[in-house]
Amino acid sequence: MSSIFVVIIGLLGLAVGSFLNVAISRVPTGLSVLRPRSACPGCATPIAARDNIPVVSWLLLGRRCRACRVPIPARYPLVEALTGLLFAAEALRFGWSETLPAALVFTAGLLALAACDAELFLLPLRLVYPTLGLTAACLLAAAAATGQWQRLGVTAACGVGAFAVFFALHWVRPAWLGFGDVRLAGLLGTGLGWLGPSHLVFAVVAGSFAGLLLGIALMAAGRMTRHTRLPFGVFLAAGAIAALLVGAPVVRWYESLSDPYANAMGTPVTKVGH
């Protein structure tokens with residue numbers, strides 16, 4: 001993979017991350033992400049172009065607004081930098097392929113949703129549905145370009161299946177899952193189903209396990225109780241992004257363990273496509 005291509009996708013990620021910050025700040029309050037121009041939340045001074053360079057401007061400004069010197073939250077450069085790094089990593093993972101556009105859209109939406117959930121315990125419909133629609137559109141285009149309509153069918157089945165399973169869990173014990181997590185599950189199924197159902201299982205298991213470990217650690221440290229809420233959407237999103245980046249080797253490793261007879265006979269284990 002050309003290093004120039006990876007750098008370009010990484011720079012695209014920085015720009016997308018800057019837009020995601022706008023969405024994270026405005027969508028939960030019902031505001032438009034397009035108008036008005038970005039402004040300081042402290043003094044309402046519009047942000048000049050020179051102060052709107054991802055990550056760099058935050059550092060050059062000393063982490064404060066140029067006009068009123070109110071501190072700029074660290075979330076802004078963190079989202080920008082993380083989006084750029086993940087975009088570059090996915091460019092390395094998928095290369096110039098039919099899967100890359102869907103993976104980038106899916107990842108950007110998950111980052112915005114995770115930030116909203118972490119800050120507000122909210123997974124806004126105005127982020128879930130556009131991410132779902134754009135991801136599905138990218139995968140539809142990928143199927144049309146490659147003729148992999150059966151793969152698209154698996155994708156749709158994973159989206160519907162994940163939604164149904166989480167809906168059932170929510171119906172049995174609403175305290176376990178908010179309905180936002182149910183909608184998010186449908187998005188995860190759609191975004192990961194293209195890579196195979198095993199990637200979806202990996203994402204849910206990894207995200208749930210990470211949330212469980214953090215909860216145990218916080219309870220052991222006396223910083224939460226059994227009744228303290230955790231933003232489960234953050235862990236599901238992290239699990240999904242991990243599935244995109246490292247799901248294939250993990251799935252192949254698991255399949256090699258689950259089929260020792262095939263390995264002993266020298267039969268190749270089925271591999272998940274890109």
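The structure this text deals with has already been given above.
Residues numbered from 1 in each chain as written. Predicted model: local features only at pLDDT ≥ 70, side-chain atom pairs only at ≥ 80, totals over all residues. Heavy atoms only, no water.

1. A look at the packing of helix α6 (residues 149-172) against helix α7 (residues 179-193)
Where α6 contacts α7, the two axes come as close as 7 Å, and the packing angle between them is 160 degrees. Between α6 and α7, the crossing angle belongs to the class labelled roughly antiparallel. By crossing handedness, the relation of α6 to α7 is classed as right-handed. Contacts from Val-154, Thr-155, Cys-158, Gly-159, Ala-162, Phe-163, Phe-166, Phe-167 and His-170 in α6 reach Phe-179, Asp-181, Val-182, Arg-183, Ala-185, Gly-186, Gly-189, Thr-190 and Gly-193 in α7. A per-class count over the contact of α6 with α7 returns nine nonpolar, seven polar and two charged. (Axes fitted to C-alpha atoms, helices over the stretch in contact; angles between N-to-C directions. Helix = DSSP H or I, 4+ residues; strand = E, 2+ residues; numbered from the N terminus. Parallel < 35°, antiparallel > 145°, perpendicular 65-115°, else oblique. Left-handed = near helix turned anticlockwise from the far one by under 90°. Contact = heavy atoms within 4.5 Å. Nonpolar A, V, L, I, M, F, W, Y, C, P; charged D, E, K, R; others polar.)

2. What about the environment of Leu-100?
Examined against the element boundaries, Leu-100 turns out to sit in helix α4 (residues 100-120). Judged by relative accessible area, Leu-100 falls into the buried class, the value being 5%. Measuring from C-alpha to C-alpha, the distance between Leu-100 and Phe-87 comes to 9.3 Å, with 13 residues separating the pair along the chain. Look past the residues within four positions of Leu-100 in its chain and what remains in contact with it is Phe-5, Glu-90, Ala-91, Phe-94 and Gly-95. (Buried < 20%, exposed > 50% of the residue type's maximum accessible area, 1.4 Å probe, protein only.)

3. Some points on the packing of aromatic side chains
Remark: the centre distance and the inter-plane angle together describe each pair of aromatic rings, the angle taken between the planes. Inspection of every chain in the model, using the stated rule, returns four aromatic pairs. For the pair Phe-5 and Trp-96, a centre-to-centre distance of 5.3 Å together with 75 degrees between the ring planes defines the contact as edge-to-face. A residue pair is termed long-range when its members are at least 10 positions apart, and Phe-5 in helix α1 (residues 3-26) and Trp-96 in the loop between α3 (75-94) and α4 qualify at 91 residues. The class of Phe-5 is buried, set by a relative accessible area of 14%. Given a relative accessible area of 74%, Trp-96 falls into the exposed group. Taking 5.9 Å as the distance between ring centres and 85 degrees as the angle between the ring planes, the aromatic pair formed by Phe-167 and Phe-179 counts as edge-to-face. (Phe/Tyr/Trp six-rings, centres within 6.5 Å; stacked < 30°, edge-to-face > 60°.)

4. Observations concerning the nonpolar core
Formed by 54 residues in total, the largest nonpolar core has its most connected members in Phe-106, Leu-110, Leu-184, Leu-188 and Leu-192. For this core, the secondary structure elements donating two or more residues are α1, α3, α4, α5 (125-146), α6, α7, α8 (197-220) and α9 (232-258). Counting residues per element, this core draws most heavily on α4, which supplies 13 residues. Ignoring any residue separated from it by four or fewer positions in sequence, one finds Phe-106 in contact with Thr-131, Thr-135, Leu-187, Leu-188, Gly-191, Leu-192, Ala-240 and Leu-244. (Core = buried A, V, L, I, M, F, W, Y, C linked by side-chain atoms within 4.5 Å.)

5. Section: the pattern of salt bridges
Under the defined criterion, the tally for this structure stands at three salt bridges. Linking Glu-119 and Arg-75 is a salt bridge whose minimum nitrogen-to-oxygen distance equals 2.9 Å. Here the residue Glu-119 occupies a position in helix α4, and Arg-75 occupies one in helix α3, the gap between them amounting to 44 residues. Judged by its relative accessible area of 41%, Glu-119 is partly exposed. (Salt bridge = Lys/Arg side-chain N within 4 Å of Asp/Glu carboxyl O.)

6. Remarks on the side chain of Thr-99
Positionally, Thr-99 belongs in the loop between α3 and α4. Among the polar contacts made by the side chain of Thr-99, one reaches the side chain of Trp-194 at a distance of 3.2 Å. (Polar contact = N/O pair within 3.5 Å; in protein donor to acceptor, adjacent residues only side chain to side chain.)

7. A short note on α1
End to end, α1 covers 35 Å across 24 residues, agreeing with the expected 34 Å (1.5 Å per residue, within 8%). Of the residues flanking the start of α1, the one acting as N-cap is Ser-2, its side-chain oxygen 3.2 Å from the backbone nitrogen of Ile-4. (Expected span 1.5 Å × (residues − 1).)

8. Some details on the state of the cysteines
A complete count under the given rule lists zero disulfides for this structure. Cysteine Cys-43 remains unbridged, with the sulfur of Cys-68 as its closest cysteine sulfur at 3.6 Å. Given the relative accessible area of 29%, Cys-43 is considered partly exposed. Between Cys-158, a free cysteine, and Cys-138, which holds the nearest cysteine sulfur, the sulfur-to-sulfur gap is 18 Å. According to the relative accessible area criterion, Cys-158 is buried, its value standing at 9%. (Disulfide = S-S within 2.5 Å.)

9. Some details on the packing of α4 against α5
When two helices pack together, you describe them by how their axes are tilted relative to each other and by the distance separating the axes. Where α4 meets α5, the closest approach of the two axes is 8 Å, and the angle between their N-to-C directions is 170 degrees. In terms of orientation, α4 and α5 fall into the roughly antiparallel class. Along the contact surface, α4 presents Pro-101, Ala-102, Val-105, Phe-106, Gly-109, Ala-112, Leu-113 and Cys-116, while α5 presents Leu-127, Val-128, Thr-131, Leu-134, Thr-135, Cys-138 and Leu-139. Residue classes in the contact of α4 with α5 are distributed as 12 nonpolar, three polar and no charged.

10. What about α8?
Along its 24 residues, α8 runs 35 Å from first to last C-alpha, staying within 8% of the 34 Å computed at 1.5 Å per residue. Among all positions of α8, only His-199, Leu-200, Phe-202, Ala-203, Gly-207, Gly-211 and Gly-215 are buried. Phi turns positive, to about 75 degrees, at Gly-222, one or two residues after α8.

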